[in-house]
Amino acid sequence: MKIFFKILFTTLGVLAASAIVPGIVVAGFWTAVLVAVILGILNVTLGFALKVLTFPLSIVTFGFFLLVINALMFWAASFVRGFHVAGFWAAFFGSLIVTIVSMLGRAIMKEPHENYN
């Protein structure tokens with residue numbers, strides 16, 4: 001069930017990014033779902049490898065280079081038919097919006113911890 005909500009919130013983030021950021025076009029809901037799944041696969045495989053390889057650069061830039069990697073992953077998903085990202089800056093701001101919406105979704109769905117004391 002967790003994976004369903006992760007895909008749902010990423011889908012909502014992609015739709016929000018297309019509504020807010022000029023240069024991002026999504027043909028419809030199901031295209032956004034496909035983009036969310038592809039983003040998940042890209043982040044688990046290629047994104048993880050890039051984050052490991054660029055770890056020293058991320059330390060030097062205080063983690064800001066991770067934003068560039070996320071933008072590249074978002075831009076790489078633009079091979080999906082019906083999803084278009086106009087350029088790097090559109091991908092950068094789009095990935096920020098997807099990240100914020102996903103974080104908010106995880107925070108909403110987080111179960112409260114019970115105190116067993």
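Let me begin by describing the structure that accompanies this report.

Rules of the game
Residues numbered from 1 in each chain as written. Predicted model: local features only at pLDDT ≥ 70, side-chain atom pairs only at ≥ 80, totals over all residues. Heavy atoms only, no water. Helix = DSSP H or I, 4+ residues; strand = E, 2+ residues; numbered from the N terminus. Contact = heavy atoms within 4.5 Å. Areas by Shrake-Rupley, 256 points an atom, 1.4 Å probe, with all protein chains shown as cover. Phe/Tyr/Trp six-rings, centres within 6.5 Å; stacked < 30°, edge-to-face > 60°. Buried < 20%, exposed > 50% of the residue type's maximum accessible area, 1.4 Å probe, protein only.

1. Topic: the overall build of the protein chain
Scanning the protein chain from N- to C-terminus turns up five helices and two strands. Each helix and strand of the protein chain, ordered N terminal to C terminal, gives the series α-β-α-α-α-β-α. On the principal axes, the C-alpha backbone points of the protein chain span a range of 55 × 40 × 25 Å. Sequence separation of 24 or more characterises 64% of the internal contacts of the protein chain that already satisfy a separation of 6 or more. Of the accessible surface of the protein chain, which amounts to about 7,700 Å², a share of 75% is contributed by carbon and sulfur atoms.

2. Description of the packing of aromatic side chains
Inspection of every chain in the model, using the stated rule, returns ten aromatic pairs. With a centroid separation of 6.4 Å and an interplanar angle of 25°, the aromatic rings of phenylalanine 5 and phenylalanine 9 are classed as stacked. Of this pair, phenylalanine 5 and phenylalanine 9 are both found in helix H1 (residues 2-20), four residues apart, which corresponds to roughly one turn of the helix. The class for phenylalanine 5 is partly exposed, based on a relative accessible area of 22%.

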